[in-house]
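Descriptive structure summary
In case you want the letters, here they are:
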Amino acid sequence: MVSYKELGLVNSRDIFKKAFEGKYAIPAFNFNNMEQMQAIVQACVEKKSPVILQVSSGARKYANQTLLRYMAQGAVEYAKELGYNIPIVLHLDHGDTFELCKSCIEMGFSSVMIDGSHHSYEKNIELTRQVVEYAHKYDVTVEGELGVLAGIEDEVVAEHHTYTEPDQVEDFVSKTGVDSLAISIGTSHGANKFKPEQCTRNAEGILVPPPLRFDILEEIEKRIPGFPIVLHGASSVPQDQVAIINKYGGALKDAIGIPEEQLRKAASSAVCKINIDSDGRLAMTAAIREVFAVQPAEFDPRKYLGPARESLKKLYMHKVENVLGSAGKA
Ligand code: G3H
Ligand code: 13P
Ligand code: ZN
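Throughout what follows, the structure given in this document is the object of discussion. As the structure is a computational prediction, the values presented were derived from the model and not from experiment.

**Description of empty space enclosed by the protein**
Applying the stated criterion across every chain yields a total of one cavity of 30 Å³ or more. For the largest cavity, the calculated volume is near 50 Å³. As for the largest cavity, its lining consists of Ser-12, Phe-16, Ile-52, Val-89, His-91, Ser-111, Thr-141, Val-142, Glu-143, Asp-179, Ser-180 and Lys-273. Put simply, the parts of the chain that give the lining of the largest cavity at least two residues each are strand E3 (88-95) and strand E5 (141-146). Counted by class, the lining of the largest cavity contains four nonpolar, five polar and three charged residues.

**With respect to the layout of surface pockets**
Here the second largest pocket is characterised by a volume of approximately 620 Å³. Lining the second largest pocket are 23 residues, with Ser-236, Val-237, Pro-238, Gln-239 and Asp-240 positioned closest to its centre. Those elements that place two or more of their residues in the lining of the second largest pocket are strand E10 (207-208), helix H9 (239-247), helix H10 (260-267) and helix H12 (301-324). Grouping the amino acids of the lining of the second largest pocket by side-chain chemistry returns 12 nonpolar, six polar and five charged.

**Side note on helix H1 (residues 13-22)**
Along H1, the positions that sit buried rather than exposed are Ile-15, Phe-16 and Ala-19. Considered in projection along H1, the buried side chains sweep an arc of 100 degrees and stay on one side of the axis. Turned more than 90 degrees away from the buried face of H1 sit Asp-14, Lys-17, Lys-18 and Glu-21, all of them exposed.

**Remarks on helix H6 (residues 121-137)**
Along its 17 residues, H6 runs 25 Å from first to last C-alpha, staying within 8% of the 24 Å computed at 1.5 Å per residue. Among all positions in H6, only Asn-124, Ile-125, Leu-127, Thr-128, Val-131, Val-132, Tyr-134 and Ala-135 are buried. Of the residues one or two after H6, Asp-139 is the one with positive phi, at around 60 degrees.

**Structural notes on the pairing of strand E1 (residues 26-30)**
Here E1 lies mainly inside the structure; five of its five residues are buried. Going residue by residue along E1, you find Ile-26, Ala-28 and Asn-30 tucked away on one face and Pro-27 and Phe-29 tucked away on the opposite face as well. In terms of strand pairing, E1 meets strand E12 (residues 271-276) through four bridges, oriented parallel. Each residue of the ladder has a partner; that of Phe-29, found in E12, is Ile-276. Note that E1 and strand E2 (residues 51-56) share three bridges and pair parallel. Among the inter-strand pairings, Asn-30 is bridged to a residue of E2, identified as Gln-54. Note on the crossover from E1 through helix H2 (residues 34-46) to E2: the handedness is right-handed.

About the thresholds
- Residues numbered from 1 in each chain as written.
- Chains lettered and ligands numbered in written order.
- Predicted model: local features only at pLDDT ≥ 70, side-chain atom pairs only at ≥ 80, totals over all residues.
- Heavy atoms only, no water.
- 1 Å grid on protein atoms, 1.4 Å probe; cavity = no way out; pocket = protein on both sides within 12 Å on 5 of 7 lines; lining within 4 Å.
- Points joined across faces, edges and corners; volume = space filled by probe spheres on them.
- Helix = DSSP H or I, 4+ residues; strand = E, 2+ residues; numbered from the N terminus.
- Nonpolar A, V, L, I, M, F, W, Y, C, P; charged D, E, K, R; others polar.
- Buried < 20%, exposed > 50% of the residue type's maximum accessible area, 1.4 Å probe, protein only.
- Arc of directions from axis to C-beta.
- Expected span 1.5 Å × (residues − 1).
- Pairing = 2+ DSSP bridges.
- Right-handed = clockwise from strand over helix to strand, strands pointing away.

Right, dumping it as structure tokens:
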């Protein structure tokens, strides 16, 4: 059993409390490799932002849980070396079983998500409660989920959103003892969050997706005042990055994300954690495609992973400063 505290990591309790009171959100950036981790730490140290390093079960399979944990431990030391000891959380994203959550806790994770949203309400409560009971023994914080996001989640494809039912949140939170709650109010995973026919066009001819269901969020806030809310599927799918990818041989069609103003508004509410993965994937892919196309004779991975890391860092700095509002809060 490795305690995250020995690794210099923190759980999410205090940083969520501060985020709630300060009306900003903590960035939760997914990582699978060294360049992503470096970009996250560099950006968050430079902007003095707390950060959640997120590991999905896919990332765990891809990179190995032990290696990722050592990388998170390294991230703490790296931040200090860069000159600022920011709070770093190592979080399991979309844990789907008790065993997976337990294994991550034993390995040094400081926070886990148990995503029982595809189960019945009763089964979701039972599974979430089981994880909370185990996690809290080690002061590890737990994120639960109510409602289902459209798109692919945990390899389950949902055609439509099942928005979170405000009438259930108080009961769910009190019966499970979770520390934060992921909700469904119109975001979804990936780079194709809306079909063009769901959008309207603004004066410049740019597609504007339907707004998030802030009415549902407000109802939830009334039922569980002061409780930290989590937004998954919160990438904005920057169109300049999509254009670079497609210019250099990519084939991304109808890639549409959540407008950043909507996320800024969410961050100033009870939303204390905003999950961003796809935007990082787009930034890396755009930078790598550009090097491959413009310098086809290049074959040193540092020559394309380096620019990809720079582009990621720029993206994360922008998110922290202009979207989440967490800059200067570490
Ligand atoms: O919620 C999903 C995250 O973007 C992680 O994606 O399962 O492909 O690693 P992944
Ligand atoms: P995006 O696909 O919108 O980046 O969402 C990531 C996420 O929710 C990770 O859990
Ligand atoms: Zn998610």
